[in-house]
Every structure is written in structure tokens, then in C-alpha cells.
Amino acid sequence: MNYKTILKGLLTATLLLTLSAKNSQANEYAFEKKSMQVMGHKIAYIDEGKGRPVVFLHGNPTSSYLWRNIIPYVSGKYRAIAPDLIGMGDSDKPGLKYTYQEQATYLHAFLDKLKLKNAVLVVHDWGSALGFHYARTRPEHISAIAFMEATLPPYYPIASLESMGPSAEFLKNVRTPGTGEEMVLQQNVMIDQFLRFSPGEKPLSDKNLTEYNRYYPTPESRQPLLQWLREIPIAGTPANVHEIGVKNNQWLLSTDIPKLLFYVTPGVLVGEATVKYMQEKTKNLEVMPLGPGSHFVQETYPDKIGQELASWLGRI
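This structure is a prediction, so every number in the text was calculated from the model and none was measured. (Residues numbered from 1 in each chain as written. Predicted model: local features only at pLDDT ≥ 70, side-chain atom pairs only at ≥ 80, totals over all residues. Heavy atoms only, no water.)

### A look at the side chain of R230
Relative to the assigned elements, R230 resides in helix α8 (residues 223-230). A polar contact is formed between the side chain of R230 and the backbone oxygen of V174, at a distance of 2.8 Å. A polar atom in the side chain of R230 sits 3.3 Å from the backbone oxygen of T176. Leaving out residues up to four positions away in the same chain, R230 has contacts with V174, R175, T176, P177, G178, G180, E181 and P238. (Helix = DSSP H or I, 4+ residues; strand = E, 2+ residues; numbered from the N terminus. Polar contact = N/O pair within 3.5 Å; in protein donor to acceptor, adjacent residues only side chain to side chain. Contact = heavy atoms within 4.5 Å.)

Here it is, written out as C-alpha cells:
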């Protein structure tokens, strides 16, 4: 079975590859990374500027590189911090299983060591689940949160595999022992297919693809990418991730802290129904449409995200 063909066809059918993506005019910025020891292992992170902390959290299968063209819009007036999750980016890659709980333990310990005050989170993909979790359990540190293609109600946690439509086959395969290893570890579909050819968005350049792949040169190094797919809570499993997702949703809908939701159409995690639900149910929420797109909105709209984020930070 050619899983690359299946994935490409799946994404095309699901996300309607009929959209023309915006060509980003953002410049490429290089940042010197710092490192911090967390539970005996190195967490690499960007730390630029001074002032109120703004913390950028990435998801699967990316790294802090995802935020490279957005951080400059913030770092002139604020302290921009962007860590690489454990096992990802330039952070150490210890022999973990890379479950959600392990990822949360390392990231939250890293954030605790920063001793944040009045901080703002900017989150995407699994970085949103981790960020919501942190803000909910450490409310004394976090005062606002911006999110895009995030784990939001009522879609997440996912009710059933069947409810995912065409995406169900892909998730069933990657969650199947042996099959998932072949697809993600050996064929590298998460970066070479899903990230590079995200439907509705301009394919990544060879330069950018090379940088994303630099962190995952071997099948073994891609274990976090596979495990993240298996940590998606579907029909209540994994139970602990499902429970955390439910609690995060309850917190997100009830907290009064300022929130900013960026969204694209049709999106992957955040569709029009989710945007409408959030507008109706969430306190102190601003909504910012970006245009056509799917999941990796930072690659398609870095300038607009950066400009609107900076404007919102000034208002709050």
C-alpha cells in the first residue's frame, strides 16, 4: 500500500485543494537559541527582546522554527520565547515514549523555571493543548492567550474515528502497530507530505523543508511525531488525554482572560462551526479571519498573524 498516495489523496479530499494560498512576504529570520536543563535534559529555546513575556508553543511535526517570521513582530516591545518540545527541534531526544504526559511534564517544568509573570501564550496544534493545560493549572503566570488551529470544543476531544470522515483511515493506520511505524518513521509522511503539501497552502520551499527535516534525520528521531498522532483522544482514548482535553475546554469557555482566535477556511482542527461555537460560548474572545488555508497557518500568513498579534497585545 502506498501510504504517501493515500495521505495526499486524503488531505486533498478532506480540505478541498481548490484554494490559492497567499505568498508570504515575510523575511527569513535566524535566532540564536539558548538552552536550559530540565530533569537532566536540554530544552532549546528562542529568547528575544525584553518586557512582557510572549511564549510561542509549536505542535506536530514542527519546532520553534514555525514561528520564525512572527516573532520579529513581537520581540521589539516584548520578550518572545519559543521552546522546542522535548524530542523535537534542537532539544534533547532522550529515550522516552513521548506520551502527552511526558511532553507536558518537560514543557511545564521548563515554563516553571522561567518564573513567568503576566505572560501571554501563542499556541498551535499540540502546543495549544499543552498551553491550555499550563494556563489552567498555573493561572498566576498566564494572563492572555492567542491560538490558531488549536484543540478547541466542540470538535476536540474527538467523539469517534467515524466522525472524522475521510481522515479516519489515515488516523486508523497511524495508530496501528507496524503500519504507523512504516508511514511516519520510515516514509516520513508527517513532514515530507502533510507539512510540505498542506492543501490550500503553497508547498514549502526546499530550504524550509530541509530545516524542518534537520531535526529528524533518522526513523528513531521521528518517534515523537508518531506518538503525537497516537495521543489524539478519540472516543475517550487515551483516557488521560481525553480528560485533560475536557478540563481544558471547560477552563477555556469560563476564564475571563483575553483570548484571540486566528482561523483559516476550511482549516483542519478549527472549522467554521468551531469558530461560531467559540464566538457564542467564550468570554473575552476576539476572532481574526486570515483567509483560505488548512493547518500550518504560520507558513501562509506570517505577516498578518504578526501584525494582528502585535496590535492585540497593545490593546490588552
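### Focus on the UniProt feature "domain: AB hydrolase-1" (unreviewed entry) in the chain
Following the UniProt record, the feature "domain: AB hydrolase-1" (unreviewed entry) maps to residues 53-158 here. Within residues 53-158, the helical portion is 25% and the strand portion 22%, while the C-alpha atoms at the span's ends are 32 Å from each other. (UniProt positions renumbered as here; feature names shortened; annotations may be inferred.)

### As for the packing of helix α3 (residues 126-137) against helix α9 (residues 239-254)
Two elements in contact, α3 and α9, have axes whose closest approach is 9 Å; the angle formed by their N-to-C orientations is 65 degrees. Between α3 and α9, the interaxial angle falls into the category roughly perpendicular. Judged by the sense of rotation from one axis to the other, the crossing of α3 with α9 is left-handed. Residues W126, A129, F132, H133, A135 and R136 of α3 touch α9, and the partners they reach there are V241, I244, K247, N248, W251 and L252. Here the contact of α3 with α9 is built from residues that sort into eight nonpolar, two polar and two charged. (Axes fitted to C-alpha atoms, helices over the stretch in contact; angles between N-to-C directions. Parallel < 35°, antiparallel > 145°, perpendicular 65-115°, else oblique. Left-handed = near helix turned anticlockwise from the far one by under 90°. Nonpolar A, V, L, I, M, F, W, Y, C, P; charged D, E, K, R; others polar.)

### A closer look at helix α10 (residues 272-281)
Among the residues of α10, T274, V275 and M278 are the ones counted as buried. Buried residues of α10, seen end-on, are gathered within an arc of 100 degrees and therefore sit on one face of the element. Away from its buried face by more than 90 degrees, α10 exposes E272, A273, K276 and E280. Residues of α10 that are buried make contact with β6 (142-148), α9, β7 (259-266) and β8 (285-293). (Buried < 20%, exposed > 50% of the residue type's maximum accessible area, 1.4 Å probe, protein only. Arc of directions from axis to C-beta.)

### Topic: the sheet that holds strand β5 (residues 119-124)
Sheet architecture is open: eight strands sit in the order β1-β2-β4-β3-β5-β6-β7-β8, paired in mixed fashion. The open sheet has two free edges, formed respectively by β1 (34-38) and β8, since each of these has just one partner strand. Strand-to-strand twist of the sheet, defined as the mean angle between neighbouring strand axes without regard to direction, takes the value 20 degrees. For β6 and β7, the ladder comprises four bridges, and the chain directions are parallel. Bridging across to β7, A146 finds its partner in L260. (Pairing = 2+ DSSP bridges.)

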